[in-house]
Amino acid sequence: MDTSLRSRTRINYSAHAFIKSGAKGTTKGIVRDISINSIYLNCQPKLAANDEVSLEIVLLGNGSELIIKVPARVERTDNDGIALCFHNPLEWWPVFSQFPFHQVEKK
């Protein structure tokens, strides 16, 4: 894939996320970037390529939170985290482009 096209379709974003796998439990991560088709999370991955997971992205407001739940598949893992592909284009994509970037503390 053309890397310039890939970078144009991704938004740097920071939010808490939870990767849930029936066999391997829940892994907490921090969103690094997101596109309409995929997401990259900084975390200690316990999963392998092609594992099916349920992802929860938690967006924090000043007095509220929005939780986006989406099924996904592990695309790849590396030393910094994990890339997931959504089963379908992310319907909530406009939320990430319309709301300002909010830096979440890494713990």
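Overview of the structure. (Residues numbered from 1 in each chain as written. Predicted model: local features only at pLDDT ≥ 70, side-chain atom pairs only at ≥ 80, totals over all residues. Heavy atoms only, no water.)

Here we take up the nonpolar core. If you look at the biggest cluster of nonpolar residues, it comprises 25 residues, and the most contacted ones within it are I19, I34, I39, L41, L55, I57 and L84. Elements supplying a minimum of two residues to this core: β2 (16–21), β3 (25–34), β4 (38–42), β5 (52–60), β6 (65–77), β7 (81–86) and α2 (93–98). Not counting residues up to four positions away in its chain, the partners in contact with L84 are I19, N37, S38, I39, L41, V53, L55, A72, R73, V74 and E75. (Core = buried A, V, L, I, M, F, W, Y, C linked by side-chain atoms within 4.5 Å. Buried < 20%, exposed > 50% of the residue type's maximum accessible area, 1.4 Å probe, protein only. Helix = DSSP H or I, 4+ residues; strand = E, 2+ residues; numbered from the N terminus. Contact = heavy atoms within 4.5 Å.)

Here we take up the pattern of salt bridges. As enumerated under the stated definition, the model contains seven salt bridges in all. The salt bridge involving R73 is made with E75; its shortest N-O contact spans 3.1 Å. Several salt bridges converge on common partners, so that one network encompasses R10, R32 and D33. (Salt bridge = Lys/Arg side-chain N within 4 Å of Asp/Glu carboxyl O.)

Given two aromatic rings, their pairing is described by the distance between the two centres and the angle made by the two planes. Overall, the coordinates contain one aromatic pair when judged by the stated rule. Geometrically, the ring pair formed by Y13 and F96 is edge-to-face, given 5.0 Å between the ring centres and 80° between the ring planes. With Y13 in the loop between β1 (11–12) and β2 and F96 in helix α2, this pair connects stretches of sequence that are 83 residues apart. This pair shows no difference in class: Y13 is buried, exactly as F96 is. Note that R32 overlies the ring of Y40, its terminal NZ or CZ placed 3.8 Å from the centroid. (Phe/Tyr/Trp six-rings, centres within 6.5 Å; stacked < 30°, edge-to-face > 60°. Lys NZ or Arg CZ within 6 Å of the ring centre and 35° of its normal.)

What follows covers the pairing of β7. Of all six residues in β7, six are buried; the element is thus mostly enclosed. Bridging between β4 and β7 involves five bridges; their strand directions are antiparallel. The partner of L41 across the bridge, within β7, is I82. For β6 and β7, the ladder comprises five bridges, and the chain directions are antiparallel. Its bridge partner lying in β7, T77 is registered against I82. Where β6 hands over to β7, the hairpin turn is made up of three residues, counted between the paired strands. (Pairing = 2+ DSSP bridges.)

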